[in-house]
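Next come the chains, spelled out residue by residue.
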Amino acid sequence: MKLIYLGHAAFLIETGTHRLLFDPFISPNPLAEGKVAVANLKPDVILLSHAHEDHIADAVTLAKQSGALVIANWEIIQWVLAQGIQNVHPMNHGGARRFPFGRVKMVNAIHSSSFPDGSYGGNPAGFVVTTSELSFYYSGDTALTSDMKLLAGDPPLRFAVFPVGDNFTMGADDAAKAATFVDTPEVIGVHHGTFPPIMIDRDAAKQVFLDAGKVLHLPEIGEEIEIA
Ligand code: NI
Ligand code: MN
C-alpha cells in the first residue's frame, strides 16, 4: 500500500486496485501548488471526515471529474447530492460497510462540522479502513478521546493518520497518546504547517513519539510512503 501526502489533511492511498482520496484541500492550499496535480489524482473513492472547508474544498470538483464514489456522513452526502454528484454512500458513526476496495467503519471524532456557509455538516468522523493488505485508521480532526481505546486490535492497525498541529486538533503529545490508545506502531502526522496557528516543531514532535515507543512520519507534500 502506498500513501501519498497531498498537504494539510489530504492524502491518497493506493491499494493496488483502488485510489482512495481523503479530505481533499489542495487547490486552495498555496503550499501544495506545483507539488500536487489535482487533475492527476483520479480517485476511485473520496472519503470526507467532516464538512469544514479545509477537508472538502476539492471534493465536488474531483468527484465530477473522476466519477469517484463519495463516502461521508449523511449530511455531507446530502450536500454532495445537491451539487449533482450521484455516486455516493452515506454512513454514520459506528457503522461499517464492505466496498469493492475494502471495509470502512465510521468512528467517533471530537471536533465540530459545519459547511463554509455555516450550515450543519453532521458530526465529524474518522474512518477505519481494512483492505486485503492491512488496516489503518484516519482520525479526521479530533481531540484525544478515550473512545479510541475501543479501536485497539479490532482490527489490528498497521498505521494511523492523525492531526498533530494542535490548536484546532490534537497536538503531537495527544497524538502519541492516541497511537497508544489504538495500539498502532506508526503514525502519519497531518493537519500542521498550513496556517500560523498549526505550525509545529517537527523534531520535537517526532521525539514525543519516540519517547512513547512510536514512530511519527511527517512527509513533505507530494511525498510517497510505502507501507507493507
Ligand atoms: Ni475541522
Ligand atoms: Mn481541519
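Residues numbered from 1 in each chain as written. Chains lettered and ligands numbered in written order. Predicted model: local features only at pLDDT ≥ 70, side-chain atom pairs only at ≥ 80, totals over all residues. Heavy atoms only, no water.

**Regarding the coordination of the manganese ion (ligand 2)**
Donor atoms from the polypeptide that bind the manganese ion (ligand 2) are Asp54 (OD), His55 (NE2), Asp141 (OD) and His191 (NE2), placed at 2.1 to 2.2 Å. Between the manganese ion (ligand 2) and the nickel ion (ligand 1), a separation of 3.0 Å is found, and both are coordinated by Asp141. Of this pair, His55 sits in helix α1 (residues 53-56) while Asp141 sits in the loop between β10 (135-138) and β11 (159-163), placing them 86 residues apart in sequence. Exposure class is identical for His55 and Asp141. Each is buried. (Donors = N, O, S within 2.8 Å, 3.2 Å for Na, K, Ca; no water. Helix = DSSP H or I, 4+ residues; strand = E, 2+ residues; numbered from the N terminus. Buried < 20%, exposed > 50% of the residue type's maximum accessible area, 1.4 Å probe, protein only.)

**As for the coordination of the nickel ion (ligand 1)**
Taken together, His50 (NE2), His52 (ND1), His111 (NE2) and Asp141 (OD) make up the protein donors of the nickel ion (ligand 1), found 2.2 to 2.3 Å from the metal. One way to put it: the 4 donor atoms around the nickel ion (ligand 1) meet at angles of 86 to 177°, and that makes the site irregular. A relative accessible area of 24% places His111 in the partly exposed class. (Tetrahedral: all angles 85-135°; square planar, octahedral: opposite > 155°, others 65-115°.)

**Concerning the packing of helix α4 (residues 172-182) against helix α5 (residues 202-211)**
Interaxial distance between α4 and α5 falls to 9 Å at its minimum, and their mutual angle equals 30°. Judged on the interaxial angle alone, α5 and α4 are roughly parallel. The hand of the α4/α5 crossing is right-handed. Across the interface between the two elements, Ala172, Asp173, Ala175, Ala176 and Ala179 from α4 touch Ala205, Val208 and Phe209 from α5. (Axes fitted to C-alpha atoms, helices over the stretch in contact; angles between N-to-C directions. Parallel < 35°, antiparallel > 145°, perpendicular 65-115°, else oblique. Left-handed = near helix turned anticlockwise from the far one by under 90°. Contact = heavy atoms within 4.5 Å.)

**Regarding the sheet that holds β11**
Reading across the sheet, the 7 strands line up as β7-β8-β9-β10-β11-β12-β13 and stay open at both edges, with mixed pairing between neighbours. On the outer flanks of this sheet lie β7 (96-99) and β13 (215-217), each paired with one strand and no other. Ignoring strand direction, the axes of neighbouring strands in this sheet form an average angle of 20°. Sheet topology places strand β12 (residues 186-190) next to β13; 3 bridges connect them, and they run parallel. Looking at the pairing, Glu186 lines up with Val215 of β13. On top of the sheet, α4 reaches β10, β11 and β12; it is set at about 150° to β11, its chief contact. (Pairing = 2+ DSSP bridges.)

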